Amino acid sequence: MWFWQAIASAFFFSLSVVVSKTLLPKVGTVIVTWGLFTLSLPVLFVIAFRDGIPAVTSLFFIGAGGSAAVFVFAKLIEMRSIKRQSFHLVYPLTIFSTVFTYILGLLVFREVISPMAITGMAVTLVGAYILNVEKSKEGIFEPFMHLLRDKFSLLVLLAMVLTAVSSVLDKTALLHIAGANAGATLFVENILMS
């Protein structure tokens, strides 16, 4: 079941990115970002409370509130970069969010390093390199150096670090809600972000 949920999530995420890129030239960055958080609230409400209101601890609110605050800034930075730069140059950098999240998970939650995770991160970094491989004619490390010199690429990388911090706070919230109710957590966070 989780496989199909992941595929559906990836599809809807991709759709939201395309819609966002289409709307950004016509509508302000703040409005598009607000819409992303707000339009999903009715669906999240149904998912969140289909089994009743879950019990929470005070750490749930710290995690959910912190995640919401950090993620708003991350999304605004990301949307601003997408609006100002070519989509194909900036958006592939979002794959670094996975690397940053894994590193923070190791540090904060003392998660275990697995060979599969290391392989996945290596594939992610190789993919980022390949996406900028045309720059390798100027030097083998030039694809990565180009990322560090481009203002919008740096902004997206900052947004990905903030997204990783938000994920750590998400997990904190999930650890402090009955049944690790992801729907209720996301509903509360989207209300706060809206």
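Residues numbered from 1 in each chain as written. Predicted model: local features only at pLDDT ≥ 70, side-chain atom pairs only at ≥ 80, totals over all residues. Heavy atoms only, no water.

Regarding the packing of aromatic side chains
Inspection of the entire model under this criterion finds five aromatic pairs. Ring plane angle 80° and centroid distance 5.2 Å describe the contact between F60 and F61, whose orientation is recorded as edge-to-face. Here F60 falls in the buried class, since its relative accessible area comes to 2%. Put simply, the rings of F45, F49 and F187 pair up and form one aromatic cluster. The side chain of K171 reaches across the aromatic face of F109, ending 4.9 Å from its centre. (Phe/Tyr/Trp six-rings, centres within 6.5 Å; stacked < 30°, edge-to-face > 60°. Buried < 20%, exposed > 50% of the residue type's maximum accessible area, 1.4 Å probe, protein only. Lys NZ or Arg CZ within 6 Å of the ring centre and 35° of its normal.)

What to know about the environment of A74
With respect to the helices and strands, A74 occurs in helix α4 (residues 58-84). In sequence terms A74 and V156 are 82 residues apart; their C-alpha atoms lie 8.4 Å from each other. Contact partners of A74, with chain neighbours within four places excluded, come to A159, L162 and T163. (Helix = DSSP H or I, 4+ residues; strand = E, 2+ residues; numbered from the N terminus. Contact = heavy atoms within 4.5 Å.)

What to know about the layout of surface pockets
In this structure, the largest pocket spans a volume of roughly 1900 Å³. Considering the residues around the largest pocket, the lining is formed by 46 residues, among which S9, F12, F13, S16 and L186 are closest to the centre. Mapped onto the lining of the largest pocket, the elements with two or more residues apiece are α1 (2-23), α2 (29-38), α3 (41-48), α4, α6 (96-109), α9 (151-174) and α10 (182-193). With twelve residues, α1 is the largest single contributor of residues to the lining of the largest pocket. Tallied by class, residues from the lining of the largest pocket come to 25 nonpolar, 17 polar and four charged. (1 Å grid on protein atoms, 1.4 Å probe; cavity = no way out; pocket = protein on both sides within 12 Å on 5 of 7 lines; lining within 4 Å. Points joined across faces, edges and corners; volume = space filled by probe spheres on them. Nonpolar A, V, L, I, M, F, W, Y, C, P; charged D, E, K, R; others polar.)

Quick look at the packing of α6 against α9
Where α6 contacts α9, the axes come no closer than 8 Å and their chain directions differ by 45°. With respect to their mutual orientation, α6 and α9 come out oblique. Of the two elements, α6 crosses α9, and the hand of that crossing is right-handed. Only L157, M160, V161, T163, A164, V165, S167, V168, K171 and T172 of α9 make contact with α6, whose side of the interface consists of F96, S97, F100, T101, L104, V108 and F109. Among the residues forming the contact of α6 with α9, the class breakdown is eleven nonpolar, five polar and one charged. (Axes fitted to C-alpha atoms, helices over the stretch in contact; angles between N-to-C directions. Parallel < 35°, antiparallel > 145°, perpendicular 65-115°, else oblique. Left-handed = near helix turned anticlockwise from the far one by under 90°.)

Read these as spatial facts, not as claims about activity.
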